[in-house]
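# Descriptive analysis of the structure
What follows is each chain in one-letter form.
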Amino acid sequence: MLLRFPTSLSEARRCLAEGAVPVGGATLVWAQWQRDGFPEQAMSLRRLPEATVVDGETLGAAVLLHQVDDRVPEVLRRAAASVGTGAVRRTATVGGNIVGSTLRCLLPPALVLDARATVLDRDGTYEADLVEVVAKRPLMLDIRWRRPLVSGYHKAPGEAGGPPPLVVATAVHAEEDGGRRLFTAVRDGDEVVSAGVPATADTRRVLDSLEGTALGGLPGQARDVVRREVADVLGRAAT
């Protein structure tokens, strides 16, 4: 297998056109290749500047999870720190977690940040909704978001080999009209659901509004965690 390391978008497009298969940290696809056979060519984005950026509004797809630091919002930083072991976080990438993994621990945080992805295909780059990215699994270069006022992240304890633990991500954003909006996303089992409602000073009203969204269909225990996390982030937003 020839592993290619493009250093520019034009070179990455050429790799795609020549049949190179994108690979992230290889923590997931390597086992699949060992089972099903290796491609003739693979492509890593680790030397592509557009895929390795880390700042207050952008996170590159080739960034290793252990490199996600306090330059990004709390909800993303805590999510990355919760994935696997230290050895896993030193090899797993942002793009691999969101696009290549079935667990997608970073997807709920990205959703509450109202993030969108930059995607590369043979014709160039374009912006895509994260739901589309997860469904179609294109070559993702980065995610970009709106900086929240506050954010929070909860991941329930889990057992190795067991079902995916519950994840609840929350964030409060300032709106252009002067109001505020709460975004909440939950991974319950293999499913991720999210919703956004006005973030008023009345926590009870906000929680009632969430009950009228897709989150209202969650099991009782998950909804209890959502209520607790929402109350916490609203309280911090008010201070």
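Attention here is on the structure that accompanies the text. As a convention, each chain's residues are numbered from 1 in the sequence order in which they are written. Since the coordinates come from a predicted model, pLDDT governs what is reported: local features require at least 70, and pairs of side-chain atoms require 80 or more to be given and counted, while whole-chain, interface and lining totals use all residues. For the side-chain quantities, the full set of heavy atoms in the structure was used; hydrogens and water were omitted.

Glancing now at the nonpolar core. The biggest cluster of nonpolar side chains holds 38 residues, and the ones touching the most others in it are L59, V94, I98, M140, I143 and W145. Runs of H or I in DSSP of at least four residues are treated as helices and runs of E of at least two as strands, each being numbered from the N terminus. Going through the elements one at a time, α3 (74-81), α5 (94-100), α6 (107-112), β5 (116-121), α7 (130-136), β7 (139-144), β9 (167-174) and β10 (180-188) are the ones with two or more residues in this core. A per-element tally of this core places α3 first, with 4 residues. Here, residues are in contact when the closest pair of their heavy atoms is within 4.5 Å. When near neighbours in sequence (up to four residues on either side) are disregarded, V94 contacts L59, G60, A61, V63, L65, V68 and L106. Put simply, a nonpolar core is a bunch of buried Ala, Val, Leu, Ile, Met, Phe, Trp, Tyr and Cys residues held in one set by side-chain atoms that sit within 4.5 Å of each other. In this scheme, a residue with accessible area under 20% of its type's maximum is buried, one over 50% is exposed, and one in between is partly exposed, where area comes from a 1.4 Å probe on protein chains only.

A separate point is a nonpolar patch on the surface. A contiguous nonpolar patch, built from M1, L3 and F38 and spanning about 270 Å² of accessible area, is present on the exposed surface. By secondary structure assignment, the location of L3 is in strand β1 (residues 2-4). The partly exposed category is assigned to L3, whose relative accessible area is 36%. Patch definition: residues above 30% relative accessible area lacking any salt bridge, with like charges linked at up to 9 Å and the nonpolar side chains Val, Leu, Ile, Met, Phe, Trp and Tyr linked at up to 5 Å. Areas reported as accessible are Shrake-Rupley estimates using a 1.4 Å probe. Residue values count occlusion only from the protein chains shown. Salt bridges are identified by distance alone: a Lys or Arg side-chain nitrogen within 4 Å of an Asp or Glu carboxyl oxygen.

So, about the packing of aromatic side chains. Aromatic rings from Phe, Tyr and Trp, with only the six-membered ring used for Trp, were paired whenever their centres fell within 6.5 Å, and each pair was classed as stacked if the ring planes differed by under 30 degrees, edge-to-face if by over 60, and tilted otherwise. Under the defined criterion, the tally for this structure stands at 0 aromatic pairs. Directly above the aromatic system of F5 lies the positively charged group of R47, at a separation of 4.2 Å from the ring centroid. Charge-over-ring contacts are defined here by two conditions on Lys NZ or Arg CZ: a distance within 6 Å of the ring centre and an angle within 35 degrees of the ring normal.

Each α-helix winds once per 3.6 residues, and so residues spaced three or four apart point in a common direction. Given a helix with a known number of residues, its expected span is that number minus one, times 1.5 Å. With 19 residues, helix α9 (residues 220-238) extends 27 Å between its outermost C-alpha atoms, agreeing within 8% with the 27 Å of an ideal straight helix rising 1.5 Å per residue. Where the residues of α9 are buried, they touch β8 (150-155), β9, β10 and α8 (203-211).

Below, the discussion takes up the sheet that holds strand β11 (residues 191-198). At least two DSSP bridges between two strands are required for those strands to pair. As summarised here, the arrangement of the 4 strands in space is β8-β9-β10-β11, forming an open sheet in which the pairing is antiparallel. Each end of this open sheet is capped by a strand with a single partner; those strands are β8 and β11. Mean inter-strand twist for the sheet, computed between neighbouring axes without regard to direction, equals 10 degrees. Pairing of β9 with β10, which is carried by 8 bridges, proceeds in the antiparallel orientation. By the bridge assignment for β10, A171 is matched with F183. Note on geometry: axes are C-alpha line fits, over the in-contact stretch for helices, and angles between N-to-C directions span 0 to 180 degrees. This element, α3, spans β8 and β9 of the sheet and lies at about 20 degrees to β8. Running over the sheet, α9 touches β8, β9 and β10 and is turned about 155 degrees from β8.

Interaxial distance between α8 and α9 falls to 10 Å at its minimum, and their mutual angle equals 140 degrees. Between α8 and α9, the crossing angle belongs to the class labelled oblique. In the crossing of α8 with α9, the sense of the turn from one axis to the other is right-handed. Of the residues in α9, those touching α8 at T203, V206, L207, L210 and E211 are R223, V226, R227, V230, A231 and L234. A per-class count over the contact of α8 with α9 returns 7 nonpolar, 1 polar and 3 charged. Roughly parallel covers angles under 35 degrees, roughly antiparallel covers those over 145, roughly perpendicular covers 65 to 115, and oblique covers all other angles. Here a crossing is called left-handed whenever its near helix is offset anticlockwise from the far helix by less than a right angle, and right-handed whenever the offset is clockwise. Think of it as three bins: nonpolar holds Ala, Val, Leu, Ile, Met, Phe, Trp, Tyr, Cys and Pro, charged holds Asp, Glu, Lys and Arg, and polar takes everything else, Gly as well.

Pairing in this open sheet of 4 strands is antiparallel, and the strands run β4-β7-β5-β6 from one edge to the other. Of all strands in the sheet, those bounded by a partner on one side alone are β4 (58-60) and β6 (124-129). Ignoring which end each strand starts from, the neighbouring axes of this sheet average 30 degrees apart. Pairing of β5 with β7, which is carried by 5 bridges, proceeds in the antiparallel orientation. What sits directly across from R116, in β7, is R144.

Counting through the fold element by element, D142 comes out in strand β7. Reaching out from D142, the side chain makes a polar contact with the side chain of T118 at a distance of 2.7 Å. Any N or O atom pair separated by 3.5 Å or less is treated as a polar contact, with the protein-specific requirement of one donor-capable and one acceptor-capable atom, and with residues adjacent in sequence counted only for side-chain atom pairs. Within polar-contact distance, the side chain of D142 engages the side chain of R144 at 3.2 Å. Setting aside its immediate chain neighbours within four residues, D142 contacts E50, T58, L59, G60, A61, R116, A117 and T118.

Looking now at the pattern of salt bridges. Within the structure shown, the criterion is met by 16 salt bridges. The partner of D142 in a salt bridge is R144, and the shortest N-O contact between them spans 3.2 Å. Of the residues examined, D142 reaches a relative accessible area of 2% and is grouped as buried. Given the relative accessible area of 43%, R144 is considered partly exposed.

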